[in-house]
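# Observations on the model geometry
Here is what each chain is made of, one letter per residue.
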Amino acid sequence: MQLESVDHPTIVRIELTNQCNLSCPHCRHHALEKKQTGNYHEYYKSEIEMTHQQVDSLIDEIAEWRPSVTLNVANEPLVATTFRHAAERVKQRGLAGTFNTNGLLIDESLAHFLVDIGFDSVNISVDAATPETLKLARGFTRLDKLVEKVELLLKVRGAKPLPRVGVTFVETDYNYQEIPAFLDFWKSRVDLIRVTGYIQDLRPDIERINPTLHRDMLPERIPCKQLFRDIVIRANGDVTPCVVTSEQPDIVVGNIFRDGGVRAVWNSPRFRELRDLHNAGRWDETGFCKNCDYWVETQGYTEDVRDGFLIRTPSPFTTFYNVLDKLGSWNRDLHDRQGMGKD
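Residues numbered from 1 in each chain as written. Predicted model: local features only at pLDDT ≥ 70, side-chain atom pairs only at ≥ 80, totals over all residues. Heavy atoms only, no water.

An unreviewed UniProt entry annotates the protein chain as Radical SAM core domain-containing protein originating from Magnetospirillum moscoviense. Check the Cofactor (unreviewed entry) section of the UniProt entry for the protein chain; it says "[4Fe-4S] cluster". (UniProt positions renumbered as here; feature names shortened; annotations may be inferred.)

This is how it looks when you write it as C-alpha cells:
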C-alpha cells in the first residue's frame, strides 16, 4: 500500500508557546519528574512564543488549503498571549479550529470570546473520575474546579452550537478502571468524550495501551498517514514529523520562519524522504518510526452505536464517544479531530 501526498497538509498543529502552567506527572513534555531529573529539554527552559506577525503569516498562508487547525502541541495554549489573536484569525480566514486545554484558565471572558467568534471545538483534559486519581494524573485534587470550568463554558454557550465542548481522558495503569464512571458522568454534560492511550518515550506501543492486544495480532504494516496529512509546528517555527516526535525537540525537518513557509517545509527533501521511505516499506530506516505502532491509525475507523454514544475508533490509541443527542455541532472541516469517521 502507498499513500498519496498532496502539496500541503490537511491538519496544521500550531504550538503558540512552549510553556505550560502545569507539570502533569504523565506529560511527555513538562512532567515534574523530567524537570527534577535533568531530563527537561533545553527548548522548554526559556519561554518561546510566536509573535502576532508570525501567527498572521502562518494562518494566512494555509488559509487557501482549508486545513483544520489545532492550536496546541506540547503546551497549554491559553497561557500564550497570542491565543485570542490566533483563534480569531483562524475564524476570520474561514478555517475550522480546535484546541486541547487543561481548563484552568477558562473564565467567563474567555468563554464569551470563544462563543462570540464561533470557535469550533474545545477539549478539556480531565483524565480522572475522582480527586485522588486526578492528583496522580494532573498533580492537584480539585476535580470540582475542572467541572466548574466545563460547565461555565457550556452555560455561556447556551443554545448556540459552538464551540463543540469535549473532555479527554488519557488512559494509564492507574486510571483505566475509572473510564466507565467518567463516561457516565460526562455523557449528560458535554458533546464528546475522547479516550486516548498513554504514549511514552517516542514509542506508541500497542501492547502497553491495551493488555489484550499483542503486536502479532496487528495487520501487515502500512505507511503512517500522519506524515502525509499533519504538520506539527513548534513555537520557534521548527517542524517535527508528527505528534509522536513532538516529544523530542531535536527531531526537526525544517523551520517555517527560516525555510520559506509551511508549504516549503512540507515539500522539503527531508519531509519527502520520510514519506518515500514509508511508501517503500522502509520505515525501519527511520529510528523514530521503526518501533512505533501509531501507523495503525491509517487502517481507518470502526464504528458502533451503543449506550447513548456514536463510538468511532480510528485506532487502538483513540476512541471518540460522540453523544448521540448532541451531534448537531459536528464540523467535517475538522477532519479527524472529533471522531468524524470516514470521508
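Here we come to the packing of helix H3 (residues 52-62) against helix H4 (residues 83-92). Following both chains from N to C, one finds H3 and H4 inclined at 25°, their axes separated by 10 Å at the closest point. By the angle class used here, H3 and H4 are roughly parallel. H4 is crossed by H3, and the crossing has right-handed handedness. Facing His52, Val55, Asp56, Ile59 and Asp60 of H3, the residues of H4 in contact are His85, Ala86, Arg89 and Val90. Here the contact of H3 with H4 is built from residues that sort into 4 nonpolar, 2 polar and 3 charged. (Axes fitted to C-alpha atoms, helices over the stretch in contact; angles between N-to-C directions. Helix = DSSP H or I, 4+ residues; strand = E, 2+ residues; numbered from the N terminus. Parallel < 35°, antiparallel > 145°, perpendicular 65-115°, else oblique. Left-handed = near helix turned anticlockwise from the far one by under 90°. Contact = heavy atoms within 4.5 Å. Nonpolar A, V, L, I, M, F, W, Y, C, P; charged D, E, K, R; others polar.)

We now examine the pattern of salt bridges. For the structure shown, the criterion picks out 19 salt bridges. Here Arg142 and Asp144 are joined by a salt bridge, their closest N and O atoms 2.8 Å apart. A relative accessible area of 39% means that Asp144 is categorised as partly exposed. What emerges from the salt-bridge pattern is a single network uniting Arg13, Arg229, Asp230 and Glu297. (Salt bridge = Lys/Arg side-chain N within 4 Å of Asp/Glu carboxyl O. Buried < 20%, exposed > 50% of the residue type's maximum accessible area, 1.4 Å probe, protein only.)

This next bit is on the sheet that holds strand E10 (residues 302-306). Strands sit in the order E9-E8-E7-E1-E2-E3-E4-E5-E6-E12-E11-E10 across an open sheet of 12 strands; the sheet is mixed. The outermost strands of the open sheet, each flanked by one partner alone, are strand E9 (254-255) and E10. When strand E6 (residues 192-197) meets strand E12 (residues 318-323), the two strands line up antiparallel, connected through 5 bridges. Looking at the pairing, Leu192 lines up with Asn322 of E12. Of the strands in this sheet, strand E5 (164-171), E6, strand E11 (309-315) and E12 touch helix H8 (residues 179-187), which is tilted by about 170° from E5. (Pairing = 2+ DSSP bridges.)

Turning our eyes to something else, we now look at helix H7 (residues 143-157). Between its first and last C-alpha atoms H7 spans 22 Å; for 15 residues at 1.5 Å apiece the expected length is 21 Å, and the two agree. In this structure, the buried residues of H7 make contact with helix H5 (108-116), strand E4 (121-125), helix H6 (131-138), E5 and H8. Just downstream of H7 lies Gly158, where phi reads positive at about 60°. (Expected span 1.5 Å × (residues − 1).)

Right, let's get into the packing of aromatic side chains. Counting across every chain of the model gives 9 aromatic pairs. Plain terms: the ring middles of Tyr43 and Tyr44 are 5.1 Å apart, the flat faces sit at 75° to each other, and that makes the pair edge-to-face. Residues Tyr43 and Tyr44 agree in their burial class; the two are buried. Where Phe182 meets Trp186, the ring centres are 6.3 Å apart and the plane angle is 55°; that geometry is what we call tilted. Taken together, the positions of Phe182 and Trp186, both in helix H8 and 4 residues apart, correspond to about one turn of that helix. An identical accessibility class is assigned to Phe182 and Trp186; each is buried. (Phe/Tyr/Trp six-rings, centres within 6.5 Å; stacked < 30°, edge-to-face > 60°.)

Attention shifts here to the nonpolar core. Grouped together as the largest cluster of nonpolar side chains are 75 residues, with contacts concentrated most on Leu58, Leu71, Phe83, Leu114, Trp186, Ile193 and Ile233. Once residues lying within four places of it in the same chain are set aside, the contact partners of Ile193 are Val167, Phe182, Leu183, Trp186, Lys187, Phe309, Thr319, Phe320 and Tyr321. With 10 residues, the next largest nonpolar core counts Ile199, Cys242, Tyr294 and Val296 among its residues. (Core = buried A, V, L, I, M, F, W, Y, C linked by side-chain atoms within 4.5 Å.)

Let us look at unusual backbone geometry. Backbone torsion omega between Leu162 and Pro163 reads 5°, so that peptide bond is classified as cis. As for its position among the elements, Pro163 is in the loop between H7 and E5. Unlike most non-glycine residues, Asp127 shows phi in positive territory, near 70°. Its location among the elements puts Asp127 in the loop between E4 and H6. One non-glycine residue, Asp307, lies in the positive phi region at around 55°. For Asp307, the location among the structural elements is in the loop between E10 and E11. Classification of Asp307 as exposed rests on a relative accessible area of 52%.

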